[in-house]
Protein chains: 2
Amino acid sequence: MEYTIVDGEEYIEEIKKLDREISYSFVRFPISYEEYEERHEELFESLLSQGEHKFFVALNERSELLGHVWICITLDTVDYVKIAYIYDIEVVKWARGLGIGSALLRKAEEWAKERGAKKIVLRVEIDNPAVKWYEERGYKARALIMEKPI
Amino acid sequence: MEYTIVDGEEYIEEIKKLDREISYSFVRFPISYEEYEERHEELFESLLSQGEHKFFVALNERSELLGHVWICITLDTVDYVKIAYIYDIEVVKWARGLGIGSALLRKAEEWAKERGAKKIVLRVEIDNPAVKWYEERGYKARALIMEKPI
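Residues numbered from 1 in each chain as written. Chains lettered and ligands numbered in written order. Predicted model: local features only at pLDDT ≥ 70, side-chain atom pairs only at ≥ 80, totals over all residues. Heavy atoms only, no water.

With respect to the packing of helix 1 (residues 12-24) of chain A against helix 2 (residues 33-48) of chain A
Helix-helix packing is described using two parameters, namely the angle between the two axes and the distance between the axes. Residue and element names in this part refer to chain A. The geometry of helix 1 relative to helix 2 is characterised by a closest axis approach of 11 Å and an angle of 130° between their N-to-C directions. By the angle between their directions, the pair helix 1 and helix 2 is classed as oblique. In the packing of helix 1 onto helix 2, the handedness of the crossing is right-handed. On the side of helix 1, the interface is formed by Ile12, Lys16, Asp19, Arg20, Glu21, Ser23 and Tyr24, while helix 2 contributes Tyr33, Tyr36, Glu37, His40, Glu41, Phe44 and Glu45. (Axes fitted to C-alpha atoms, helices over the stretch in contact; angles between N-to-C directions. Helix = DSSP H or I, 4+ residues; strand = E, 2+ residues; numbered from the N terminus. Parallel < 35°, antiparallel > 145°, perpendicular 65-115°, else oblique. Left-handed = near helix turned anticlockwise from the far one by under 90°. Contact = heavy atoms within 4.5 Å.)

A look at the packing of aromatic side chains
Within the structure shown, the criterion is met by 14 aromatic pairs over all chains. Between Trp70 of chain B and Tyr87 of chain B the ring centres are 4.8 Å apart and the planes differ by 40°, which places this aromatic pair in the tilted class. Taken together, the residues span a long stretch of sequence, with Trp70 of chain B in strand 3 (residues 65-75) and Tyr87 of chain B in strand 4 (residues 82-91) at a distance of 17 residues. Residue class for Trp70 of chain B comes out buried when judged on its relative accessible area of 3%. Cluster of aromatic residues (ring-pair linked, three or more members): Phe44, Phe55, Trp70, Tyr85 and Tyr87 of chain A. Directly above the ring of Phe56 of chain A sits Lys54 of chain A, whose terminal nitrogen or CZ lies 5.3 Å from the centroid. (Phe/Tyr/Trp six-rings, centres within 6.5 Å; stacked < 30°, edge-to-face > 60°. Buried < 20%, exposed > 50% of the residue type's maximum accessible area, 1.4 Å probe, protein only. Lys NZ or Arg CZ within 6 Å of the ring centre and 35° of its normal.)

Looking at the layout of surface pockets
Volume-wise, the second largest pocket comes out at about 160 Å³. Around the second largest pocket sit Arg28, Phe29, Glu147, Lys148 and Pro149 of chain A together with Lys119, Lys140, Ala141 and Arg142 of chain B, which together line it. Those elements that place two or more of their residues in the lining of the second largest pocket are strand 6 (140-149) of chain A together with strand 6 (140-149) of chain B. In the lining of the second largest pocket, the residues fall into 3 nonpolar, no polar and 6 charged. (1 Å grid on protein atoms, 1.4 Å probe; cavity = no way out; pocket = protein on both sides within 12 Å on 5 of 7 lines; lining within 4 Å. Points joined across faces, edges and corners; volume = space filled by probe spheres on them. Nonpolar A, V, L, I, M, F, W, Y, C, P; charged D, E, K, R; others polar.)

Quick look at the relation of the copies chain A and chain B
You can overlay chain A on chain B at an RMSD of 0.0 Å; the transform is a turn of 180° with a shift of 0.0 Å along its axis. On the angle and the small slide along the axis, the relation comes out as a two-fold axis. Taking C-alpha positions as the reference, the residue of chain A nearest the rotation axis is Leu144 of chain A, at 2.4 Å. Here 100% of the contact residues of chain A are again contact residues in chain B; the copies associate through an equivalent surface. (Least-squares fit on C-alpha atoms with pLDDT ≥ 70 in both.)

Looking at a nonpolar patch on the surface
All names here are of chain A. Taken together, the side chains of Met1, Trp94 and Leu98 define a hydrophobic patch exposed on the protein surface, amounting to about 330 Å² of accessible area. Structurally, Met1 is set in the segment before strand 1 (4-7). Since its relative accessible area comes to 47%, Met1 is described here as partly exposed. (Patch = residues over 30% accessible without salt bridge, like charges linked within 9 Å, V, L, I, M, F, W, Y side chains within 5 Å. Areas by Shrake-Rupley, 256 points an atom, 1.4 Å probe, with all protein chains shown as cover. Salt bridge = Lys/Arg side-chain N within 4 Å of Asp/Glu carboxyl O.)

Brief notes about the pattern of salt bridges
Applying the stated criterion across every chain, the model contains 36 salt bridges over all chains. The partner of Glu21 of chain B in a salt bridge is Lys17 of chain B, with the nearest N and O atoms 3.8 Å apart. Of this pair, Glu21 of chain B and Lys17 of chain B both sit in helix 1 (residues 12-24), 4 residues apart, which is roughly one turn of that helix. Lys17 of chain B gets classed as partly exposed once you look at its relative accessible area, which sits at 46%. Salt bridges sharing common partners tie together Lys119 and Arg142 of chain A together with Arg123, Glu125 and Glu147 of chain B.

Digging into the sheet that holds strand 6 of chain A
An order of 1(A)-2(A)-3(A)-4(A)-5(A)-6(B)-6(A)-5(B)-4(B)-3(B)-2(B)-1(B) is seen for the 12 strands of this open sheet, with the pairing classed as mixed. Whereas interior strands pair on both sides, the edge strands pair on one side only; in this sheet they are strand 1 of chain A together with strand 1 (4-7) of chain B. On average, each strand axis in the sheet is tilted by 25° relative to the strand beside it, whichever way the strands run. Strand direction decides the pairing type here: strand 6 of chain A and strand 5 (residues 119-125) of chain B, joined by 7 bridges, are antiparallel. The residue of strand 5 of chain B that forms the bridge with Ala143 of chain A is Glu125 of chain B. With respect to the sheet, helix 1 of chain B is in contact with strand 2 (52-59), strand 3 and strand 4 of chain B, its orientation differing from that of strand 3 of chain B by roughly 95°. (Pairing = 2+ DSSP bridges.)

Quick look at the structure:
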């Protein structure tokens, strides 16, 4: 399958929709889909309101969305340097295994470097196979997010 | 040593100073102390500008600061429920081993629970002995913060 990687700002609504569907499977608390949808919208807008954001998308020959990466330039809360935070990187199921995720990641890294970011940072759930995927691409675990129900 | 735990809002400047000194030891990038100070101030204010924040402090009989906890009610970016995020918990070196940190943590947890938070979340560096300290207090690793220099 041929694909190209281009600026993704025009696809934000579609990305939001895709992220909403995928993220719901990670939710561990019992909330209704309606409540989740509302909060997802609220969070998405709240995240977009701070920092310098960038979206890239992978498209096939018919301009269908195959995947996206959402990255944001911000100030690291531990190292106090300019960093790029990857909020999301996704490839649709039927287009996986073709290197599209890697290509999106490289594009995001190049964009961040051009803007003076010193490192790329991201969060990944501890039991997610993506941990290994990122390690293979040079990422190292730096910190843990720990939690306790109350 | 006797200590009491009270509202910490009056101590924010002192807490900021203590956090500035301690946090510098975690910085892995070569930036001057002046630059660091400026960015620390900027970050501290930026964090305080969003969410509902609370500070508690531990004081000795002479009202000297022995430790503090800084907690914030926010919306979780994965579970979409109200959570409490612990930004900082510190005890001064000469007052460690007396249970002050545990008492501050319990106070923060109580406060968060009263405000309807469903869980407490925090970030800890992967090689920090505090990981074990939190585990002993019921916290579990949920996600990894991964990074790559560019």
